Amino acid sequence: RFGLEQMALEIFHHHIPPTFSYDKSTSGAEWWVQIRPSPAKTGRYSMLSPSTEEDDDDDMAKSGISFHWDKDEDLRLMMGGSMYIHPHISTVTYLTDLGAPTMVLTARVNNFTGEWMVPSPGEKEEGIEGYISCPKQGKHLSFDGRYLHAAPSNFMKDGYFEEQC
């Protein structure tokens, strides 16, 4: 296996107890890598539109990762844009100390409508909670796959993005 594929498989097995029974034909891990600064107009779901004079160098799409929910994107589009099927676990593994911190919020969406799910007053968990994980080589973060998350570049120290370029 390619090194990153092997790492994804090992992370999958890290989160699945050896005694847990699962269907290997329908279970697994999706992996991808963020390169920052991101090359212009790259990737299947590139957030970059054609360059214009108004483009801002600090645009989140260029220097950070916008807020999003992990989901089966192809299924969501096939179902008209409102179905959100999330992984059981989302993970971030830092390969370097560089980059923006990862911010995770307990905000969720309804799987079938895409509408925000806001806790009602009096529920056990009132409001939205969050946490931040700063990059450190080898650090592994895991969280509920239904949670909203991002790597906002404005959480980096001033001038840090430019140092990485």
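About the thresholds
- Residues numbered from 1 in each chain as written.
- Predicted model: local features only at pLDDT ≥ 70, side-chain atom pairs only at ≥ 80, totals over all residues.
- Heavy atoms only, no water.
- pLDDT = per-residue confidence, 0-100.
- Helix = DSSP H or I, 4+ residues; strand = E, 2+ residues; numbered from the N terminus.
- Contact = heavy atoms within 4.5 Å.
- Polar contact = N/O pair within 3.5 Å; in protein donor to acceptor, adjacent residues only side chain to side chain.
- Pairing = 2+ DSSP bridges.
- Axes fitted to C-alpha atoms, helices over the stretch in contact; angles between N-to-C directions.

1. Some thoughts on the confidence of the model for the chain
This prediction gives the chain a mean pLDDT of 81; 74% of its residues lie at or above 70. Mean pLDDT values over the elements of the chain span from 59, in helix H2 (residues 60-63), up to 96, in strand E7 (residues 140-144).

2. Overview of the environment of Thr 93
Along the polypeptide, Thr 93 turns up in strand E2 (residues 89-93). C-alpha of Thr 93 to C-alpha of His 140: the two residues are 47 residues apart in sequence and 4.4 Å apart in space. Beyond its immediate stretch of four places on either side in the chain, Thr 93 contacts Met 7, Ile 11, Lys 139 and His 140. Reaching out from Thr 93, the side chain makes a polar contact with the side chain of His 140 at a distance of 2.7 Å.

3. Quick word on the sheet that holds strand E8 (residues 148-151)
An order of E1-E8-E3-E6 is seen for the 4 strands of this open sheet, with the pairing classed as antiparallel. Taken across any chain shown, the strands that pair with only one partner, and hence form the sheet edges, are strand E1 (65-68) and strand E6 (130-133). On average, each strand axis in the sheet is inclined to that of its neighbour by 10°, with strand direction left out of account. Pairing between strand E3 (residues 102-105) and E8: 3 bridges, direction antiparallel. The residue bridging Leu 105 from the neighbouring strand is Leu 148, located in E8.

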